[in-house]
Amino acid sequence: MKKSYLQLHAAVLLAGFTGLFGRLINLNEGLISWYRLLISAIVMGGYLLRKKIRP
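What you are looking at is a predicted structure, and each value in this text was computed from that prediction instead of being measured.

A. Representation of helix α2 (residues 29-51) within the structure. With 23 residues, α2 ought to run about 33 Å at 1.5 Å a step, and its terminal C-alpha atoms sit 33 Å apart, in line with that. K52 sits one or two residues past α2 and shows a positive phi near 60°.

Below is the structure:
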């Protein structure tokens, strides 16, 4: 139960910072989308390697 609360609080904290991050980042929309894609691919690849799941 405590883990769920910590995850919920982390999600709320990150969601609250998105407005601040939006003002600090001066990139166009296309470049931001590519960075988000790259970060998510790296995180997902790391997760798959850690769990030893082969696609």
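That covers the picture; the talk isn't over yet.
B. Up close: the environment of R36. By secondary structure assignment, the location of R36 is in helix α2. Spatially, the C-alpha atom of R36 lies 26 Å from that of Y5, the residues being 31 residues apart in sequence.

C. Focus on helix α1 (residues 2-24). Taking 1.5 Å of rise per residue, 23 residues should cover 33 Å, and α1 covers 33 Å from first to last C-alpha, within 8% of that figure. When you tally the buried positions in α1, you get 0 out of 23 residues, a small fraction of the element.

D. Quick peek at the environment of Y47. Mapped onto the elements, Y47 comes out in helix α2. Assessed through its relative accessible area of 43%, Y47 is described here as partly exposed. Along the primary structure Y47 and T18 are separated by 29 residues, whereas in three dimensions their C-alpha atoms are 24 Å apart.

Calculation criteria
Residues numbered from 1 in each chain as written. Predicted model: local features only at pLDDT ≥ 70, side-chain atom pairs only at ≥ 80, totals over all residues. Heavy atoms only, no water. Helix = DSSP H or I, 4+ residues; strand = E, 2+ residues; numbered from the N terminus. Expected span 1.5 Å × (residues − 1). Buried < 20%, exposed > 50% of the residue type's maximum accessible area, 1.4 Å probe, protein only.

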